[in-house]
Amino acid sequence: MSELQEYGGKATMEKITSLAKRRGFVFQSSEIYGGQNGAWDYGPLGIELKNRIAGAWWKEMTRLHDNIAGLDAAILMHPRTWEASWHVENCTDPLVYCKKCKSRFRADMIPEENLSAKKCPDCGGELTDTRKFNLMFKSHIGPAEDTASVIYLRPETAQGIYVNYKNIIQSNRMKIPFGIAQIGKAFRNEIVTKNFIFRTCEFEQMEMQYFVKPGTDEEWFNEWRRQRWAYYKKLGVKMDHLRWHQHGKDELAHYAKDAYDIEYLFPMGWRELEGVHNRTDYDLGRHAQFSGKDMQYIDQDNNNERYIPYIIETSAGLTRNVLMILCDAYDEEQVAEKGNAGTEGSADDWRTVLRFHPDLAPVTAAILPLMKKDGLAEMAQDIRKELQDDYATDYDQSGAIGRRYRRQDEAGTPFCITVDYQSKEDGTVTLRFRDSMEQVRVPRAELAVRLRQEIKSYKRIK
Ligand code: GAP
(Lines give C-alpha, C1' and ligand atoms only; values in the text may rest on other atoms or scores of the structure.)
Protein backbone atom coordinates (compact mmCIF):
# COMPACT_ATOMS: atom_id res chain seq x y z
CA MET A 1 0.00 0.00 0.00
CA SER A 2 1.41 3.41 -0.94
CA GLU A 3 1.72 6.11 1.67
CA LEU A 4 -1.00 8.15 -0.06
CA GLN A 5 -3.40 5.19 -0.01
CA GLU A 6 -2.55 4.66 3.62
CA TYR A 7 -3.32 8.36 4.04
CA GLY A 8 -6.84 7.83 2.84
CA GLY A 9 -6.08 9.61 -0.41
CA LYS A 10 -8.17 12.58 0.70
CA ALA A 11 -5.85 15.37 1.69
CA THR A 12 -3.42 16.48 -0.97
CA MET A 13 -1.18 19.48 -0.58
CA GLU A 14 -3.07 21.13 -3.46
CA LYS A 15 -6.42 20.70 -1.69
CA ILE A 16 -5.04 21.93 1.63
CA THR A 17 -3.35 24.95 0.02
CA SER A 18 -6.47 25.84 -1.93
CA LEU A 19 -8.79 25.46 1.10
CA ALA A 20 -6.36 27.48 3.20
CA LYS A 21 -6.50 30.34 0.73
CA ARG A 22 -10.23 30.13 0.02
CA ARG A 23 -11.20 30.18 3.68
CA GLY A 24 -8.58 32.62 4.90
CA PHE A 25 -6.22 30.34 6.79
CA VAL A 26 -3.01 31.07 4.89
CA PHE A 27 -2.17 33.39 1.99
CA GLN A 28 0.97 33.65 -0.09
CA SER A 29 3.12 36.54 1.14
CA SER A 30 3.07 39.65 -1.11
CA GLU A 31 0.84 37.84 -3.58
CA ILE A 32 0.08 40.97 -5.64
CA TYR A 33 3.81 41.17 -6.49
CA GLY A 34 3.98 37.54 -7.56
CA GLY A 35 4.60 36.19 -4.05
CA GLN A 36 7.63 35.99 -1.78
CA ASN A 37 9.24 32.57 -1.67
CA GLY A 38 9.45 30.95 1.76
CA ALA A 39 7.04 33.36 3.48
CA TRP A 40 3.30 33.07 4.16
CA ASP A 41 0.62 35.24 5.74
CA TYR A 42 -1.87 33.88 8.24
CA GLY A 43 -5.43 35.07 7.54
CA PRO A 44 -8.34 35.46 9.97
CA LEU A 45 -8.92 31.72 10.52
CA GLY A 46 -5.20 30.90 10.28
CA ILE A 47 -4.08 33.26 13.02
CA GLU A 48 -6.80 31.88 15.30
CA LEU A 49 -5.69 28.30 14.59
CA LYS A 50 -2.01 29.17 15.07
CA ASN A 51 -2.79 30.98 18.33
CA ARG A 52 -4.80 27.99 19.61
CA ILE A 53 -1.98 25.55 18.78
CA ALA A 54 0.53 27.84 20.46
CA GLY A 55 -1.84 28.21 23.44
CA ALA A 56 -2.27 24.44 23.81
CA TRP A 57 1.52 23.95 23.78
CA TRP A 58 2.11 26.84 26.18
CA LYS A 59 -0.49 25.51 28.61
CA GLU A 60 0.97 22.02 28.40
CA MET A 61 4.50 23.23 29.03
CA THR A 62 4.08 26.03 31.55
CA ARG A 63 0.73 25.80 33.35
CA LEU A 64 0.83 22.03 33.71
CA HIS A 65 4.45 21.98 34.91
CA ASP A 66 5.41 23.77 38.15
CA ASN A 67 9.05 23.84 37.16
CA ILE A 68 8.90 25.23 33.61
CA ALA A 69 9.07 29.00 33.17
CA GLY A 70 8.28 31.02 30.07
CA LEU A 71 10.49 33.39 28.11
CA ASP A 72 10.27 35.68 25.10
CA ALA A 73 13.82 36.53 24.06
CA ALA A 74 14.72 38.96 21.29
CA ILE A 75 15.18 37.71 17.74
CA LEU A 76 18.33 39.83 17.37
CA MET A 77 21.12 38.50 19.58
CA HIS A 78 24.76 39.37 20.06
CA PRO A 79 26.61 37.89 17.04
CA ARG A 80 29.01 36.01 19.34
CA THR A 81 25.98 33.87 20.29
CA TRP A 82 26.09 32.28 16.87
CA GLU A 83 29.82 31.65 17.00
CA ALA A 84 29.36 29.93 20.36
CA SER A 85 26.43 27.89 19.08
CA TRP A 86 28.52 26.90 16.06
CA HIS A 87 25.88 28.22 13.64
CA VAL A 88 28.32 30.58 11.91
CA GLU A 89 30.48 27.60 11.06
CA ASN A 90 27.95 24.85 10.88
CA CYS A 91 24.39 26.03 10.10
CA THR A 92 24.85 25.01 6.50
CA ASP A 93 23.26 23.00 3.74
CA PRO A 94 25.29 21.34 0.96
CA LEU A 95 24.39 23.17 -2.25
CA VAL A 96 24.94 22.45 -5.95
CA TYR A 97 24.06 24.64 -8.95
CA CYS A 98 23.31 23.62 -12.50
CA LYS A 99 25.59 25.59 -14.82
CA LYS A 100 23.06 25.27 -17.67
CA CYS A 101 19.57 25.86 -16.22
CA LYS A 102 20.83 27.68 -13.07
CA SER A 103 18.65 25.54 -10.76
CA ARG A 104 19.84 25.15 -7.16
CA PHE A 105 19.59 21.85 -5.30
CA ARG A 106 20.37 20.58 -1.85
CA ALA A 107 23.04 17.97 -2.56
CA ASP A 108 21.48 15.59 0.00
CA MET A 109 18.10 15.79 -1.75
CA ILE A 110 19.05 14.75 -5.29
CA PRO A 111 19.73 11.16 -6.43
CA GLU A 112 23.25 9.91 -5.67
CA GLU A 113 23.86 9.06 -9.36
CA ASN A 114 23.21 12.70 -10.38
CA LEU A 115 25.59 13.90 -7.72
CA SER A 116 28.41 11.55 -8.64
CA ALA A 117 27.97 12.15 -12.42
CA LYS A 118 27.52 15.90 -11.74
CA LYS A 119 24.42 15.80 -13.90
CA CYS A 120 21.42 18.09 -13.30
CA PRO A 121 18.27 16.08 -12.45
CA ASP A 122 16.14 18.68 -14.32
CA CYS A 123 17.97 19.36 -17.59
CA GLY A 124 21.00 17.03 -17.65
CA GLY A 125 23.38 20.04 -17.56
CA GLU A 126 26.63 20.04 -15.58
CA LEU A 127 26.42 20.52 -11.80
CA THR A 128 28.94 22.54 -9.78
CA ASP A 129 30.93 21.01 -6.91
CA THR A 130 29.06 20.84 -3.61
CA ARG A 131 29.44 24.04 -1.59
CA LYS A 132 28.46 24.77 1.95
CA PHE A 133 25.72 27.36 2.13
CA ASN A 134 25.03 29.11 5.45
CA LEU A 135 21.34 29.26 6.27
CA MET A 136 21.49 32.25 8.58
CA PHE A 137 20.11 35.57 7.34
CA LYS A 138 22.76 38.18 7.85
CA SER A 139 22.22 41.92 8.08
CA HIS A 140 23.81 44.97 9.67
CA ILE A 141 22.74 46.95 12.68
CA GLY A 142 23.43 50.66 12.91
CA PRO A 143 24.51 53.03 10.15
CA ALA A 144 27.82 51.39 9.15
CA GLU A 145 27.90 48.20 7.14
CA ASP A 146 31.18 46.91 8.55
CA THR A 147 32.08 43.61 10.19
CA ALA A 148 31.49 45.14 13.63
CA SER A 149 27.83 45.75 12.80
CA VAL A 150 26.94 42.24 11.58
CA ILE A 151 23.71 40.88 13.01
CA TYR A 152 21.84 37.64 12.31
CA LEU A 153 18.18 36.72 12.38
CA ARG A 154 18.07 33.80 14.81
CA PRO A 155 17.84 30.38 13.11
CA GLU A 156 16.41 28.77 16.27
CA THR A 157 14.83 30.13 19.45
CA ALA A 158 16.89 27.85 21.71
CA GLN A 159 19.92 30.14 22.11
CA GLY A 160 17.78 32.91 23.64
CA ILE A 161 16.95 30.43 26.38
CA TYR A 162 20.54 29.35 27.04
CA VAL A 163 21.86 32.89 27.42
CA ASN A 164 19.04 33.63 29.91
CA TYR A 165 19.32 30.45 31.96
CA LYS A 166 21.14 32.11 34.87
CA ASN A 167 18.71 35.07 34.88
CA ILE A 168 15.79 32.70 35.24
CA ILE A 169 17.43 30.66 37.99
CA GLN A 170 17.91 33.89 39.92
CA SER A 171 14.58 35.59 39.20
CA ASN A 172 12.44 32.49 39.73
CA ARG A 173 14.61 30.56 42.22
CA MET A 174 14.63 27.54 39.90
CA LYS A 175 16.20 24.30 41.01
CA ILE A 176 17.41 21.57 38.74
CA PRO A 177 15.63 19.86 37.06
CA PHE A 178 13.72 22.75 35.51
CA GLY A 179 12.71 23.98 32.09
CA ILE A 180 12.33 27.17 30.06
CA ALA A 181 9.74 27.38 27.30
CA GLN A 182 9.60 29.80 24.43
CA ILE A 183 7.54 30.36 21.28
CA GLY A 184 8.88 32.65 18.60
CA LYS A 185 10.00 33.35 15.08
CA ALA A 186 13.08 31.78 13.55
CA PHE A 187 14.59 32.36 10.11
CA ARG A 188 16.55 30.14 7.76
CA ASN A 189 17.56 30.86 4.20
CA GLU A 190 16.19 27.51 3.01
CA ILE A 191 17.14 26.41 -0.48
CA VAL A 192 14.06 24.26 -0.97
CA THR A 193 10.79 25.77 0.25
CA LYS A 194 8.13 23.67 -1.48
CA ASN A 195 5.15 21.97 0.21
CA PHE A 196 3.27 25.08 1.31
CA ILE A 197 4.13 26.08 4.90
CA PHE A 198 6.13 22.90 5.63
CA ARG A 199 9.60 24.39 5.16
CA THR A 200 9.78 28.16 4.99
CA CYS A 201 12.41 30.86 5.45
CA GLU A 202 10.38 32.60 8.16
CA PHE A 203 8.68 30.24 10.60
CA GLU A 204 7.84 29.81 14.27
CA GLN A 205 9.15 27.35 16.80
CA MET A 206 7.88 26.12 20.16
CA GLU A 207 10.94 25.07 22.12
CA MET A 208 11.43 23.88 25.65
CA GLN A 209 14.88 23.39 27.15
CA TYR A 210 15.02 21.20 30.25
CA PHE A 211 18.10 21.56 32.46
CA VAL A 212 19.14 18.38 34.26
CA LYS A 213 22.00 16.97 36.28
CA PRO A 214 24.54 15.08 34.13
CA GLY A 215 23.94 11.37 34.56
CA THR A 216 20.15 11.84 34.78
CA ASP A 217 19.95 13.03 31.17
CA GLU A 218 19.00 9.71 29.59
CA GLU A 219 16.15 9.23 32.03
CA TRP A 220 14.80 12.75 31.31
CA PHE A 221 15.29 12.26 27.60
CA ASN A 222 13.01 9.21 27.72
CA GLU A 223 10.51 11.03 29.94
CA TRP A 224 10.25 13.94 27.50
CA ARG A 225 9.82 11.57 24.60
CA ARG A 226 6.92 10.02 26.51
CA GLN A 227 5.35 13.39 27.32
CA ARG A 228 5.60 14.77 23.82
CA TRP A 229 3.95 11.65 22.37
CA ALA A 230 1.15 11.86 24.95
CA TYR A 231 0.64 15.53 24.07
CA TYR A 232 -0.24 14.80 20.44
CA LYS A 233 -2.56 12.05 21.57
CA LYS A 234 -4.35 14.52 23.84
CA LEU A 235 -4.80 16.90 20.90
CA GLY A 236 -6.67 14.14 19.09
CA VAL A 237 -4.07 13.70 16.32
CA LYS A 238 -4.37 10.43 14.35
CA MET A 239 -1.80 8.35 16.19
CA ASP A 240 -1.22 6.03 13.23
CA HIS A 241 0.02 9.10 11.38
CA LEU A 242 2.81 9.61 13.91
CA ARG A 243 6.02 7.66 14.36
CA TRP A 244 9.44 8.00 15.92
CA HIS A 245 12.65 8.29 13.96
CA GLN A 246 15.92 7.96 15.83
CA HIS A 247 18.82 9.90 14.34
CA GLY A 248 21.60 7.68 13.08
CA LYS A 249 25.24 8.59 13.79
CA ASP A 250 25.52 10.50 10.48
CA GLU A 251 22.33 12.52 11.19
CA LEU A 252 23.09 13.62 14.76
CA ALA A 253 23.64 17.37 15.15
CA HIS A 254 27.05 18.44 16.47
CA TYR A 255 25.59 19.03 19.94
CA ALA A 256 23.53 15.86 20.27
CA LYS A 257 24.19 12.67 22.19
CA ASP A 258 20.86 11.21 21.13
CA ALA A 259 17.93 12.55 19.10
CA TYR A 260 14.51 11.36 18.01
CA ASP A 261 12.13 13.06 15.62
CA ILE A 262 8.40 12.71 15.86
CA GLU A 263 7.42 12.29 12.23
CA TYR A 264 3.96 12.87 10.80
CA LEU A 265 2.52 11.29 7.68
CA PHE A 266 1.94 14.42 5.59
CA PRO A 267 0.36 14.05 2.11
CA MET A 268 3.90 14.05 0.64
CA GLY A 269 5.06 11.31 3.04
CA TRP A 270 6.62 10.93 6.49
CA ARG A 271 8.33 14.16 7.57
CA GLU A 272 9.75 15.62 10.77
CA LEU A 273 7.29 17.46 13.00
CA GLU A 274 9.27 17.86 16.20
CA GLY A 275 12.65 16.84 17.60
CA VAL A 276 13.58 15.66 21.08
CA HIS A 277 17.32 16.12 21.60
CA ASN A 278 19.83 15.34 24.29
CA ARG A 279 22.08 18.39 23.78
CA THR A 280 24.42 17.46 26.65
CA ASP A 281 26.38 20.36 28.23
CA TYR A 282 27.50 21.50 24.79
CA ASP A 283 25.54 24.77 24.58
CA LEU A 284 26.14 26.08 28.09
CA GLY A 285 29.77 24.98 27.89
CA ARG A 286 30.29 26.91 24.67
CA HIS A 287 28.53 30.03 26.02
CA ALA A 288 30.76 29.86 29.10
CA GLN A 289 33.79 29.68 26.83
CA PHE A 290 32.72 32.48 24.47
CA SER A 291 31.28 34.88 27.05
CA GLY A 292 33.79 34.23 29.82
CA LYS A 293 30.87 33.89 32.25
CA ASP A 294 30.47 31.01 34.66
CA MET A 295 27.54 28.93 33.43
CA GLN A 296 27.75 26.33 36.20
CA TYR A 297 24.77 25.50 38.35
CA ILE A 298 25.38 25.59 42.09
CA ASP A 299 23.39 22.89 43.83
CA GLN A 300 22.69 24.45 47.24
CA ASP A 301 20.86 21.35 48.45
CA ASN A 302 23.91 19.22 47.74
CA ASN A 303 26.96 20.82 49.40
CA ASN A 304 27.10 23.51 46.72
CA GLU A 305 28.04 20.95 44.11
CA ARG A 306 28.84 22.71 40.81
CA TYR A 307 28.24 21.44 37.32
CA ILE A 308 27.17 22.51 33.85
CA PRO A 309 23.70 21.07 33.36
CA TYR A 310 22.79 18.80 30.50
CA ILE A 311 19.92 19.98 28.31
CA ILE A 312 17.03 17.95 26.99
CA GLU A 313 15.33 19.90 24.23
CA THR A 314 11.86 19.47 22.76
CA SER A 315 11.70 21.51 19.58
CA ALA A 316 8.50 21.71 17.54
CA GLY A 317 7.66 23.89 14.55
CA LEU A 318 4.54 25.94 15.30
CA THR A 319 3.85 26.73 11.66
CA ARG A 320 4.64 23.11 10.77
CA ASN A 321 2.14 22.06 13.46
CA VAL A 322 -0.46 24.28 11.76
CA LEU A 323 0.10 22.33 8.54
CA MET A 324 -0.03 19.02 10.40
CA ILE A 325 -3.30 19.93 12.15
CA LEU A 326 -4.84 21.07 8.83
CA CYS A 327 -3.83 17.80 7.12
CA ASP A 328 -4.89 15.71 10.10
CA ALA A 329 -8.29 17.38 10.36
CA TYR A 330 -9.06 17.33 6.63
CA ASP A 331 -11.83 15.01 5.53
CA GLU A 332 -14.25 14.66 2.65
CA GLU A 333 -17.39 12.61 2.97
CA GLN A 334 -20.63 11.84 1.25
CA VAL A 335 -23.54 12.85 3.43
CA ALA A 336 -27.27 12.82 3.65
CA GLU A 337 -28.30 15.01 6.48
CA LYS A 338 -31.56 16.20 7.94
CA GLY A 339 -31.57 19.85 8.93
CA ASN A 340 -34.22 21.16 11.27
CA ALA A 341 -35.54 23.16 8.35
CA GLY A 342 -36.12 20.05 6.30
CA THR A 343 -33.66 18.13 4.18
CA GLU A 344 -30.21 19.66 4.42
CA GLY A 345 -28.55 17.45 1.88
CA SER A 346 -29.12 14.45 -0.28
CA ALA A 347 -27.22 11.24 -0.92
CA ASP A 348 -25.08 12.90 -3.57
CA ASP A 349 -24.17 15.72 -1.26
CA TRP A 350 -20.43 15.88 -0.41
CA ARG A 351 -18.87 17.92 2.27
CA THR A 352 -15.34 18.96 3.13
CA VAL A 353 -14.89 19.04 6.86
CA LEU A 354 -12.00 19.99 9.13
CA ARG A 355 -12.28 17.83 12.21
CA PHE A 356 -10.33 20.10 14.56
CA HIS A 357 -10.33 19.35 18.24
CA PRO A 358 -12.72 22.00 19.69
CA ASP A 359 -9.83 23.42 21.72
CA LEU A 360 -8.01 24.19 18.46
CA ALA A 361 -10.89 25.20 16.20
CA PRO A 362 -10.68 28.87 15.12
CA VAL A 363 -14.44 29.24 15.70
CA THR A 364 -16.04 27.21 18.49
CA ALA A 365 -19.70 27.97 17.77
CA ALA A 366 -21.53 29.56 14.86
CA ILE A 367 -24.93 31.08 15.52
CA LEU A 368 -27.31 30.84 12.59
CA PRO A 369 -30.85 32.24 12.44
CA LEU A 370 -32.99 30.10 10.18
CA MET A 371 -34.52 33.28 8.72
CA LYS A 372 -33.47 36.91 8.95
CA LYS A 373 -37.05 38.00 9.62
CA ASP A 374 -39.60 37.50 12.41
CA GLY A 375 -37.13 38.34 15.17
CA LEU A 376 -34.93 35.24 14.59
CA ALA A 377 -31.86 37.31 13.60
CA GLU A 378 -32.20 39.47 16.73
CA MET A 379 -32.49 36.41 18.96
CA ALA A 380 -29.42 34.85 17.30
CA GLN A 381 -27.43 38.06 17.79
CA ASP A 382 -28.42 38.09 21.47
CA ILE A 383 -27.21 34.50 21.86
CA ARG A 384 -23.94 35.42 20.20
CA LYS A 385 -23.46 38.27 22.68
CA GLU A 386 -24.10 35.88 25.57
CA LEU A 387 -21.50 33.42 24.34
CA GLN A 388 -18.76 35.56 22.86
CA ASP A 389 -17.05 36.38 26.13
CA ASP A 390 -16.27 32.69 26.68
CA TYR A 391 -16.18 31.26 23.16
CA ALA A 392 -14.93 32.21 19.71
CA THR A 393 -18.16 32.69 17.79
CA ASP A 394 -19.29 33.42 14.27
CA TYR A 395 -22.63 34.69 13.01
CA ASP A 396 -24.01 33.87 9.59
CA GLN A 397 -27.48 34.67 8.28
CA SER A 398 -26.98 34.42 4.54
CA GLY A 399 -27.98 31.53 2.30
CA ALA A 400 -29.75 28.22 2.81
CA ILE A 401 -29.11 26.64 6.20
CA GLY A 402 -27.52 23.56 4.62
CA ARG A 403 -25.03 25.70 2.77
CA ARG A 404 -24.22 27.58 5.96
CA TYR A 405 -23.53 24.29 7.75
CA ARG A 406 -21.15 23.34 4.93
CA ARG A 407 -19.29 26.63 5.25
CA GLN A 408 -18.84 26.03 8.97
CA ASP A 409 -17.77 22.39 8.38
CA GLU A 410 -15.09 23.63 6.02
CA ALA A 411 -13.84 26.12 8.61
CA GLY A 412 -13.79 23.33 11.21
CA THR A 413 -16.44 24.86 13.52
CA PRO A 414 -17.43 22.05 15.90
CA PHE A 415 -20.84 23.45 16.93
CA CYS A 416 -23.61 25.28 15.12
CA ILE A 417 -26.50 26.83 17.01
CA THR A 418 -29.60 27.36 14.93
CA VAL A 419 -32.41 29.67 15.98
CA ASP A 420 -35.78 28.74 14.46
CA TYR A 421 -39.47 29.39 15.00
CA GLN A 422 -39.68 26.88 17.82
CA SER A 423 -36.97 28.90 19.61
CA LYS A 424 -39.41 31.79 19.84
CA GLU A 425 -42.06 29.55 21.32
CA ASP A 426 -40.16 27.48 23.86
CA GLY A 427 -36.70 29.12 24.20
CA THR A 428 -34.83 26.10 22.81
CA VAL A 429 -32.31 26.14 19.95
CA THR A 430 -30.74 23.45 17.81
CA LEU A 431 -27.21 22.40 18.64
CA ARG A 432 -25.59 20.70 15.65
CA PHE A 433 -22.41 18.66 15.94
CA ARG A 434 -19.91 19.02 13.09
CA ASP A 435 -18.55 15.47 13.15
CA SER A 436 -21.75 13.44 13.44
CA MET A 437 -24.05 16.13 12.01
CA GLU A 438 -26.48 15.15 14.77
CA GLN A 439 -28.79 17.80 16.14
CA VAL A 440 -30.32 18.13 19.59
CA ARG A 441 -32.57 20.77 21.09
CA VAL A 442 -31.08 22.64 24.00
CA PRO A 443 -32.64 25.36 26.19
CA ARG A 444 -30.96 28.60 25.28
CA ALA A 445 -30.08 29.27 28.92
CA GLU A 446 -28.07 26.04 29.08
CA LEU A 447 -25.95 26.66 25.96
CA ALA A 448 -22.78 27.99 27.62
CA VAL A 449 -22.59 25.10 30.09
CA ARG A 450 -23.48 22.52 27.46
CA LEU A 451 -20.73 23.76 25.14
CA ARG A 452 -18.20 23.50 27.95
CA GLN A 453 -19.26 19.90 28.63
CA GLU A 454 -19.13 18.99 24.95
CA ILE A 455 -15.62 20.44 24.58
CA LYS A 456 -14.35 18.65 27.68
CA SER A 457 -15.76 15.28 26.66
CA TYR A 458 -14.91 15.61 22.94
CA LYS A 459 -13.82 12.38 21.27
CA ARG A 460 -12.85 12.29 17.66
CA ILE A 461 -15.09 9.86 15.78
CA LYS A 462 -13.17 9.74 12.46
N1 GAP B 1 16.68 24.01 18.40
C2 GAP B 1 16.71 22.81 17.62
C3 GAP B 1 16.20 22.99 16.27
O4 GAP B 1 15.98 24.11 15.81
P5 GAP B 1 15.48 21.68 14.14
O6 GAP B 1 15.25 20.22 13.95
O7 GAP B 1 16.38 22.39 13.18
O8 GAP B 1 16.01 21.83 15.63
C9 GAP B 1 13.09 22.06 15.07
O10 GAP B 1 14.08 22.41 14.16
C11 GAP B 1 11.72 22.11 14.43
O12 GAP B 1 11.50 23.39 13.83
C13 GAP B 1 11.52 21.10 13.30
O14 GAP B 1 11.12 19.83 13.80
C15 GAP B 1 10.44 21.76 12.48
O16 GAP B 1 9.17 21.45 13.03
C17 GAP B 1 10.71 23.23 12.66
N18 GAP B 1 11.45 23.79 11.51
C19 GAP B 1 12.78 23.74 11.29
N20 GAP B 1 13.09 24.35 10.14
C21 GAP B 1 11.93 24.81 9.62
C22 GAP B 1 11.58 25.53 8.43
N23 GAP B 1 12.49 25.95 7.57
N24 GAP B 1 10.27 25.81 8.23
C25 GAP B 1 9.32 25.41 9.10
N26 GAP B 1 9.59 24.74 10.23
C27 GAP B 1 10.87 24.44 10.49
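Along each chain, residue indices are assigned from 1 in the same order as the chain's sequence is written. Local features are withheld for residues below a pLDDT of 70 in this predicted model, meaning they are given only at 70 or higher, and side-chain atom pairs are given and counted only at 80 or more; totals for whole chains, interfaces and linings count all residues. The side-chain figures draw on all heavy atoms in the structure; neither hydrogens nor water molecules are used.

What follows concerns the site of the ligand. For the ligand, the set of nearby residues contains 20 residues, the closest of which are Glu 156, Glu 190, Glu 207, Glu 272 and Glu 313. Contact between the ligand and Arg 279: a nitrogen atom at 3.4 Å from a side-chain N or O atom of the residue. Per-residue and other accessible areas follow the Shrake-Rupley method at a 1.4 Å probe size, with only the shown protein chains counted as cover for residues. Across the complex, the protein chains shield 91% of the 550 Å² of accessible surface that the ligand would expose by itself. Within the residue set of the shell around the ligand, elements represented by two or more residues are β10 (202-212), β13 (269-280) and β16 (310-317). We call a residue near a molecule or strand whenever a single non-hydrogen atom of that residue lies within 4 Å of it. Polar contact is the term for a pair of N or O atoms within 3.5 Å; when the atoms are in protein, one must be able to donate a hydrogen and the other to accept it, and sequence-neighboring residues count only if both atoms are side-chain atoms. What counts as a helix is a DSSP run of H or I of at least four residues, what counts as a strand is a run of E of at least two, and both are numbered from the N terminus.

The salt bridge definition used is simple: a Lys or Arg side-chain nitrogen within 4 Å of an Asp or Glu carboxyl oxygen. Tallied over the entire structure, the rule returns 40 salt bridges. In this structure, the salt-bridge partner of Glu 410 is Arg 23, at a minimum N-O distance of 3.2 Å. Placement of the pair is Glu 410 in helix α13 (residues 401-411) and Arg 23 in the loop between α2 (13-22) and β1 (26-28), with a sequence separation of 387 residues. Residue burial is assigned from relative accessible area. The probe radius is 1.4 Å, only protein chains are included, and a residue is buried under 20% of its type maximum, exposed over 50%, and partly exposed in between. A residue is classified by how much of its surface remains accessible, and Arg 23, at 23% relative accessible area, is partly exposed. Measuring nitrogen to oxygen at the nearest pair gives 3.5 Å for the salt bridge that ties Glu 156 to Arg 279. Taken together, the residues span a long stretch of sequence, with Glu 156 in the loop between β8 (150-152) and α7 (158-162) and Arg 279 in strand β13 at a distance of 123 residues. Exposure class is identical for Glu 156 and Arg 279. Each is buried. Because the salt bridges share partners, they merge into one network encompassing Lys 10, Asp 331, Glu 333, Arg 351, Arg 355, Arg 406, Asp 409, Arg 432, Arg 434 and Asp 435.

The element strand β17 (residues 330-335) is extensively covered by neighbouring structure, given that 5 of its 6 residues are classed as buried. A pair of strands is considered paired only if DSSP assigns at least 2 bridges between the two. In terms of strand pairing, β17 meets strand β20 (residues 349-354) through 6 bridges, oriented antiparallel. Across the sheet, the residue bridging to Glu 333 is Arg 351, located in β20.

Our next topic: the domain arrangement of the protein chain. Segmentation of the protein chain into domains returns domain 1 (3-74 + 158-326) and domain 2 (342-456). Domain extents, as shown, originate in an automatic or database domain assignment. Measuring from the centre of the C-alpha atoms in domain 1 to the corresponding centre in domain 2 gives 35 Å. Only heavy atoms matter for contacts: two residues are in contact if any of them lie within 4.5 Å across the pair. The interface is formed by 14 residues belonging to domain 1 together with 12 residues belonging to domain 2. Summed over both partners, the interface of domain 1 with domain 2 comes to about 1100 Å²; 67% of that surface belongs to carbon and sulfur atoms. The largest share of the area that domain 1 buries against domain 2 comes from Leu 19, Arg 23 and Arg 52, three residues that together contribute 42% of it. Counting across the interface, domain 1 meets domain 2 through 2 salt bridges. Applying the counting rule to domain 1 against domain 2 returns 5 residue pairs in polar contact (both at pLDDT 80 or more). Elements that contribute at least two residues to the side of domain 1 that touches domain 2 include exactly α2, α3 (44-63) and α11 (318-329). Looking at the side of domain 1 that touches domain 2, the element that brings in the most residues is α3, giving 6 residues. A quick way to say it: buried area is the sum, across both parts, of accessible area lost when two parts are put together, with a 1.4 Å probe.

Turning next to the nonpolar core. Among buried residues, the Ala, Val, Leu, Ile, Met, Phe, Trp, Tyr and Cys ones that are joined through side-chain atoms within 4.5 Å form a nonpolar core. Core analysis: the biggest nonpolar cluster contains 53 residues, and Phe 25, Leu 49, Tyr 232, Leu 323 and Phe 356 have the highest contact counts within it. Mapped by element, the contributors of at least two residues to this core are α2, α3, β10, α9 (217-234), β12 (258-266), β13, β16 and α11. Here this core takes 8 residues from α11, the largest share from any one element. Counting residues domain by domain, this core receives three or more from each of domain 1 (3-74 + 158-326) and domain 2 (342-456). Aside from chain neighbours lying at most four places away, what touches Tyr 232 is Val 237, Met 239, Leu 242, Ile 262, Leu 273, Glu 274, Ala 316, Asn 321 and Met 324. Residues Leu 387, Tyr 391, Ile 401 and Ile 417 belong to the second largest nonpolar core, which totals 26 residues.

Attention shifts here to α13. With 9 of 11 residues buried, α13 is to be regarded as a mostly interior element. Here α13 has its buried residues at Ile 401, Gly 402, Arg 404, Tyr 405, Arg 406, Gln 408, Asp 409, Glu 410 and Ala 411. Just past α13, the residue Gly 412 takes up positive phi, approximately 85°.

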